Amino acid sequence: MIGRLNHVGVATPSIEASVALYRDLLGATQAHEPFDLPAQGVRVCFIDLPNSQIELIEPLGDDSPIHGFLAKNPRGGQHHVCFEVEDILAARDALRAKGATILGAGEPRIGAHGTPIIFVHPKDMGGVLVELMETPPKTPTDGDH
């Protein structure tokens, strides 16, 4: 069921400061333009890596779910890991059948890559918030992402 690691989500109080950190300290050269995801209450920016991406997540608005995380981790930190799956509904149903808790209403929503996503409760994943996303269709300009 589990596919490739798509990205590691990192919550941050400032996307701009985090982009500078990854660029200046680690030599990241490809940061995408930040964009808002109002339905999820976050502003997002992807940093390309040779084999994956970092997803920087900043609160968008007062009701952003990231505020609680940043209250506990004011400088930010790893928020989640995201794995690709071929069929999000089949993955959700298989996880539920094995006793895992899907966050929210359990229905997939559209994520930052434009494909359906779900989140699996950390209590069922060894303390790690896991996002599953349906594998995005490849385009000729995508490369490995």
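Look up: the structure comes first, before these words.
In this report, the structure presented in the accompanying data block is examined. Only a predicted model underlies this, so the values are computations on that prediction, with no experimental measurement involved. (Residues numbered from 1 in each chain as written. Predicted model: local features only at pLDDT ≥ 70, side-chain atom pairs only at ≥ 80, totals over all residues. Heavy atoms only, no water.)

1. Remarks on the overall build of the protein chain
So, step 1. The helix and strand inventory of the protein chain stands at three helices and eight strands.
So, step 2. Walking the protein chain from its N terminus toward its C terminus, one meets helices and strands in the order β-α-β-β-β-α-β-α-β-β-β.
So, step 3. The C-alpha radius of gyration computed for the protein chain amounts to 15 Å, which stays within 12% of the reference 15 Å derived for 145 residues, consistent with globular compactness.
So, step 4. For the protein chain, the spread of C-alpha atoms along the three principal axes comes to 45 × 40 × 25 Å. (Helix = DSSP H or I, 4+ residues; strand = E, 2+ residues; numbered from the N terminus. Rg over C-alpha atoms; globule rule 2.2 N^0.38 Å.)

2. Comments concerning a nonpolar patch on the surface
So, step 1. Taken together, the side chains of Leu21, Leu25 and Leu26 define a hydrophobic patch exposed on the protein surface, amounting to about 350 Å² of accessible area.
So, step 2. Within the secondary structure layout, Leu21 lies in helix 1 (residues 15–26).
So, step 3. Leu21 sits in the partly exposed class, given a relative accessible area of 43%. (Patch = residues over 30% accessible without salt bridge, like charges linked within 9 Å, V, L, I, M, F, W, Y side chains within 5 Å. Areas by Shrake-Rupley, 256 points an atom, 1.4 Å probe, with all protein chains shown as cover. Salt bridge = Lys/Arg side-chain N within 4 Å of Asp/Glu carboxyl O. Buried < 20%, exposed > 50% of the residue type's maximum accessible area, 1.4 Å probe, protein only.)

3. Examining the pairing of strand 5 (residues 77–85)
So, step 1. Across six bridges, the pairing between strand 1 (residues 5–11) and strand 5 is antiparallel. Its bridge partner lying in strand 5, Gly9 is registered against His80.
So, step 2. Of the strand pairs in this sheet, strand 5 and strand 8 (residues 130–134) are connected by five bridges, and their pairing is parallel. Each residue of the ladder has a partner; that of Val81, found in strand 8, is Val130. (Pairing = 2+ DSSP bridges.)

4. Comments concerning the sheet that holds strand 4 (residues 53–59)
So, step 1. Taken together, eight strands build an open sheet; the order of strands is 2-3-4-1-5-8-7-6 and the sheet is mixed. The sheet is open, and its two borders are formed by strand 2 (35–37) and strand 6 (109–110), each paired with just one other strand.
So, step 2. In this structure, strand 7 (residues 116–120) lies alongside strand 8, joined through four bridges in antiparallel fashion. Paired with Val120 across the bridge in strand 8 is Val130.
So, step 3. Running at roughly 155° to strand 4, helix 1 makes contact with strand 1, strand 3 (42–48) and strand 4 of the sheet. (Contact = heavy atoms within 4.5 Å. Axes fitted to C-alpha atoms, helices over the stretch in contact; angles between N-to-C directions.)

5. A closer look at the pairing of strand 3
So, step 1. Counting buried positions over the seven residues of strand 3 gives five, a clear majority of the element.
So, step 2. Sheet analysis places strand 2 next to strand 3, joined by three bridges and oriented antiparallel. Following the sheet pairing, Asp36 is matched in strand 3 by Arg43.
So, step 3. The pairing of strand 3 with strand 4 spans seven bridges and is antiparallel. Bridge pairing in strand 4 places Arg43 opposite Glu58.
So, step 4. Turn length for the strand 3-strand 4 hairpin, with the two strands adjacent in sequence and antiparallel, is four residues.

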